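# Structure at a glance
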Amino acid sequence: MRAFLTLLALWLVLTLTPAAAQVPMLPGQGGDVAAPAPDPLAETLRRAAEQGVPVIVVDTEGRLVQTAPGATGTAPAGDAGPEVMGGSILMKAQEQGATFRATLAERLEALPNSLIEVAWILRSTSPDGRIMTYVEVVVFSALLFILGRIAATQIYGKRLVRRFVVSRIKAEPQGYTDKMPFLVFRFLMGVAGTLFAMAVAYVAGWLIFGRVEDLSVQLTIAALYSTFFFWSVIADVWRMILSPFLGQYRIPRLSDADARKLYYWAVSVALFDFTVIAFSTWLGDFGLNYNLFAVVYGVLSLAGLLITILMILVNRRAVTAAILNGRDPLTAPWITRMLASLWAPAVIFYFIFGWLELAFDLVLELPRSIPLIAGSYGVFLSIIVVHGVINYVIERAFERRRALRALQAATDADSGPEAPPRPATFEDLARRVSGILAFVAGAFAMMRIWDPQNTILNDTILDRGLDVVVIVFIGYIVYHAFRIWIDGKIAEETVDQSEGELGDEGVATSASRLATLLPLFRSLILIVVVVTIALIALLELGINVSPLFAGAGVVGIAIGFGAQTLVRDIFSGAFFLFDDAFRKGEYIDIGGVKGTVEKISVRSFQLRHHLGALHTVPFGEIQVLTNYSRDWVIMKLPLRVTYDTNVDKVRKLIKNLGQELLNDPVIGQNFIQPLKSQGVIEMQDSAMIIRVKFMTKPGDQWLVRKKVFEEIRDLFDREGIKFAHREVTVRIADEQAKDLTPQQREKITGAVQAAIDDDAFDNMPAGGDDR
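In short, a report on the structure.

Each value, and the rule that gives it
Residues numbered from 1 in each chain as written. Predicted model: local features only at pLDDT ≥ 70, side-chain atom pairs only at ≥ 80, totals over all residues. Heavy atoms only, no water. Helix = DSSP H or I, 4+ residues; strand = E, 2+ residues; numbered from the N terminus. Buried < 20%, exposed > 50% of the residue type's maximum accessible area, 1.4 Å probe, protein only. Pairing = 2+ DSSP bridges. Axes fitted to C-alpha atoms, helices over the stretch in contact; angles between N-to-C directions. Salt bridge = Lys/Arg side-chain N within 4 Å of Asp/Glu carboxyl O. Phe/Tyr/Trp six-rings, centres within 6.5 Å; stacked < 30°, edge-to-face > 60°. Lys NZ or Arg CZ within 6 Å of the ring centre and 35° of its normal. Core = buried A, V, L, I, M, F, W, Y, C linked by side-chain atoms within 4.5 Å. Contact = heavy atoms within 4.5 Å.

## Considering the side chain of Ser280
- Here Ser280 lies in helix α8 (residues 256-285).
- Of the residues examined, Ser280 reaches a relative accessible area of 0% and is grouped as buried.

Right under this line is the structure:
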């Protein structure tokens, strides 16, 4: 971070500061005016500023008395306050900007002489006094490498290891468990093939040219071999990641054409970059003129930067699609969308910033960090290795559970066209954590590359900030682990419910007590984790949390007095749930409001009436609660028959029908006690009331009742038993019946219908089920 701020301030200084700083002159001053005598106080202040003394003490005559306690000529690193730090960075940037411009001008001015000096040194170090000797070494080494590569392909590849590699290829490998072992094995075989090619090239060179005794030629050959080895290893790494010629083993979601194009670009850019690094290092190790080394290294690195940016722009669309992993950008997670949008600008900025720092260090001859491209490969490989290894371990650990899920998915597909959405699993959480850890590994590798002295992590504020991030990350894992465990238990406790239409009289199957309480426990876990993480984070930041506990006590007292209804609802709900008074999915009646329990929260719960109305009821408002969904239910059905009906015959018919319904494939298993007759329970003016009853499981009585009514109607129709209808007898004198007009007859009929309706309403059982 400090290097970034310094480079930013340096860029501003180089842009805004003139080439030669001029001291402004006050009006009336001229060049021929004699300089005034030096002021002792001004001289003291000037010397203090030059030595970096922050505070000085002078007497009334301007003489130095003492400096600030602990002050030295240069302020210790990290001890300056915010005010001084801001000014020191700008002043240092201005000073370094002036030094950079002056040094760059000197190096460019001395470049012609440097070329002459380099030519002289190369001739002096050459075994035959010719510069072309080094060019010949490069050309012959390249030919030997080509020969070694051909030998490795024909001998090592086709005759030694081909059968081992080909035998491991699968037609349709699945996941990291199938792909990673083969890719790693092929990578190791590729590294071994590179070593075989280098050995062939070395032996062929020794046989053709003999033993090399000259140290300068040995150094040149070592640089060439190092370049070939590292370039080949990087090419094998890209081949392992992109798998351009075996699409079934490709982990990123890329087409074959995009994978091959990106592979060729990456391998070509890696060859150019490693050649630049090797050539520049060769110049520096030879002890050649530093001006030429700095200019050549900087210009060639700039060319590599431009080629790399071109590679990013050409392959941007393919890499973006691989990051999205085939998902629509609108439906992908926000972190994925942000990464897909910002990866290219971020990588380009990284390379540009790296080149600017390299150029600054080269011109001022400062110690250089890890080279630009090598650093980027270090970050990239850190992310790839961590992500690949963790995902491989995850798939191996969850392989059995994945097989069970696949079997369950196949079963669900056979049972119905639509399968319920799969809940999150520990494997999903582990994959999210692996992505986060891969990002952390890349960030840590970047910090170690750009800050080898570890000055950033030693900063107190950043160190505490990282501790807070780690704590939040642990809290994220803990909460989601509990959430996944609770959701899994809820899924295990949830019983498959029979499908029904909206408004149906059937009652949903009730959930278990554990499935009712676990959602509340999940909310409690979230609250505990958030509060705990917040307190630990405040402690890490150095904030005293004791006043927060005292304030929480005061707030609790205030809530207790000011929100007594809320407290009553919460405690009432807790006791209702602990007493197992009702569960989710049960049909209850609380006096005037009835329905199926759909949702339970801390303060209230929701009831869904069978006609669709949704009631929200606070726990504190419950006085009496009737649960219709526990243990068993007895359903009693009254039947109106005529007075000439044989009651004994009806009893036998109902008994036989009850035995038949026990064997019914649809409702037979719902009976606890079969259908039977209770005889005549009431005598009305126009009918006898015979009552039948049966016992079922809670929630099944409505379905059974429908079936019982249908079977009794068919049974009575077959046996000739008549249902009695409501009748009203109207007596009219014989001499008046003949004289009734049609209007009077209609009025009498209306009065009769009204009497029938009133009688039916009066005979409706009070408090019964209104469905």
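## Quick word on the sheet that holds strand β8 (residues 633-641)
- Sheet architecture is open: three strands sit in the order β8-β10-β9, paired in antiparallel fashion. Every other strand in the sheet has two partners, leaving β8 and β9 (671-683) as the edge strands with one partner each. Within the sheet, the average angular offset between the axes of one strand and its neighbour, ignoring direction, is 20 degrees.
- The pairing of β8 with strand β10 (residues 688-696) spans nine bridges and is antiparallel. Within β10, the position partnered with Val633 by the bridge is Thr696.

## Some details on the sheet that holds strand β3 (residues 587-589)
- Reading across the sheet, the five strands line up as β6-β5-β4-β3-β7 and stay open at both edges, with antiparallel pairing between neighbours. Each edge of the open sheet is held by one strand with a lone partner, namely β6 (614-618) and β7 (626-627).
- Of the strand pairs in this sheet, β3 and strand β4 (residues 594-600) are connected by three bridges, and their pairing is antiparallel. Across the sheet, residue Tyr587 finds its bridge partner in β4, namely Thr596.

## Considering the pattern of salt bridges
- Summed over the entire model, instances satisfying the criterion amount to 12 salt bridges.
- Linking Asp256 and Arg250 is a salt bridge whose minimum nitrogen-to-oxygen distance equals 2.9 Å.
- Of the residues examined, Asp256 reaches a relative accessible area of 37% and is grouped as partly exposed.

## What about the packing of aromatic side chains?
- Tallying each qualifying case throughout the model produces 17 aromatic pairs.
- When the ring of Phe229 is compared with that of Phe230, the centres are 5.5 Å apart and the planes differ by 70 degrees; the resulting orientation is edge-to-face.
- Judged by relative accessible area, which is 47%, Phe230 ranks as partly exposed.
- Residues Phe605 and Phe619 carry aromatic rings whose centres are separated by 5.3 Å and whose planes lie at 35 degrees to one another, so their mutual orientation is tilted. In this pair, Phe605 sits in strand β5 (residues 604-608) while Phe619 sits in the loop between β6 and β7, placing the two residues 14 residues apart along the sequence. Neither Phe605 nor Phe619 differs from the other in exposure class; each is buried.
- Ring-pair connections join several aromatic residues into one group, and the members of that group are Phe145, Tyr225, Phe228 and Trp231.
- Over the ring of Phe185 we find Arg168, and its NZ or CZ is 4.1 Å from the ring centre.

## So, the nonpolar core
- Judged by nonpolar contacts, the single largest core of 42 residues is most densely connected at Trp238, Leu242 and Leu254.
- Elements represented by at least two residues in this core include exactly α5 (132-166), α6 (175-209), α7 (215-242), α8 and α10 (316-324).
- Here this core gets 13 residues from one element, more than from any other, and that element is α7.
- What Leu254 contacts, discounting residues up to four positions off in sequence, is Leu242, Ala259, Leu262, Ala318 and Ala322.
- Within the second largest apolar cluster, 23 residues are counted, among which are Leu639, Leu657, Leu661 and Leu675.

## Some remarks on the pairing of β5
- Pairing of β4 with β5 involves four bridges; the strand directions are antiparallel. Residue pairing for β5: Ile600 is matched across the bridge by Phe605.
- What sits between β4 and β5 in their antiparallel hairpin is a turn of three residues.
- Inspection of the sheet shows β5 paired to β6 by five bridges, in the antiparallel sense. Bridge pairing in β6 links Phe605 to Val617.
- Between β5 and β6, which pair antiparallel in sequence order, lie five residues; one of them, Gly612, sits at a positive phi of approximately 115 degrees.

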